[in-house]
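# Fold and contact review
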Amino acid sequence: LHTLTAHSLPIAQITPRRDAPVVVSVAADGAANVWDVARGVRVASGHCASYLCAADFSVDGNQLVVAGGVGTLAWLSAARGTCLREVAPGVLSG
């Protein structure tokens, strides 16, 4: 059992990767942290929005999609945590 510490504000969601012992945690501090749960270590960290409330891995596990509390969507590299693309609120509306 490991305690995963890194967020400075409350965690909003923890999502497991379907094919590996890895999870992503997102929090009110705007950080998305990728954890190797077998070793209990953070393997990547990214920051796009000021507040993150949800996250999931892409089908291949290489990217994360994260949602911000103000309607922002962002895609991050799961391996490095770098922000690949960010979409502002209202851009995807029909």
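All values derive from a computational prediction rather than experimental measurement.

Before going further, it helps to spend a moment on the nonpolar core. Within the largest apolar cluster, 15 residues are counted, with the highest numbers of intra-cluster contacts made by V24, V26, A32, L64, V66 and L76. If we ignore the near neighbours within four places in the chain, the residues touching V24 are Q13, I14, T15, A32, N33, V34, A55, F57 and L64.

Taken as a whole and judged by the stated rule, the model has 3 salt bridges. For the salt bridge of D56 with R18, the shortest nitrogen-to-oxygen distance reads 3.2 Å. Separated by 38 residues along the polypeptide, D56 in strand β5 (residues 52-57) and R18 in the loop between β1 (11-16) and β2 (22-27) bring together distant segments of the chain. Here D36 makes a salt bridge to R39, at a shortest N to O gap of 2.9 Å. Residue classification places D36 among the buried positions, given a relative accessible area of 15%.

A few words on the sheet that holds β1. Taken in spatial order, the 4 strands line up as β1-β2-β3-β4 in an open sheet, and their pairing is antiparallel. Edge positions in the sheet fall to β1 and β4 (41-47), since each of these pairs with one other strand and no more. Each strand axis lies, on average, 20° off the axis of its neighbour in the sheet, ignoring direction. Two elements, strand β3 (residues 31-36) and β4, share 6 bridges in a ladder whose sense is antiparallel. Residue pairing for β4: W35 is matched across the bridge by R42.

So, on to the pairing of β3. For β3, the buried fraction is high: 6 of the 6 residues fall into the buried class. Side-chain alternation along β3 places A31, N33 and W35 on one buried face and A32, V34 and D36 on a second face that is also buried. Bridge count for β2 against β3 is 5 bridges, and the pairing is antiparallel. The residue of β3 that forms the bridge with V22 is D36. Between β2 and the antiparallel strand that follows it, β3, lie 3 residues; G30 among them carries a positive phi value of about 85°. Hairpin connection between β3 and β4: a loop of 4 residues separates the two successive antiparallel strands, and G40 in this loop has a positive phi of roughly 75°.

Rules behind the numbers
- Residues numbered from 1 in each chain as written.
- Predicted model: local features only at pLDDT ≥ 70, side-chain atom pairs only at ≥ 80, totals over all residues.
- Heavy atoms only, no water.
- Core = buried A, V, L, I, M, F, W, Y, C linked by side-chain atoms within 4.5 Å.
- Buried < 20%, exposed > 50% of the residue type's maximum accessible area, 1.4 Å probe, protein only.
- Contact = heavy atoms within 4.5 Å.
- Salt bridge = Lys/Arg side-chain N within 4 Å of Asp/Glu carboxyl O.
- Helix = DSSP H or I, 4+ residues; strand = E, 2+ residues; numbered from the N terminus.
- Pairing = 2+ DSSP bridges.
- Axes fitted to C-alpha atoms, helices over the stretch in contact; angles between N-to-C directions.

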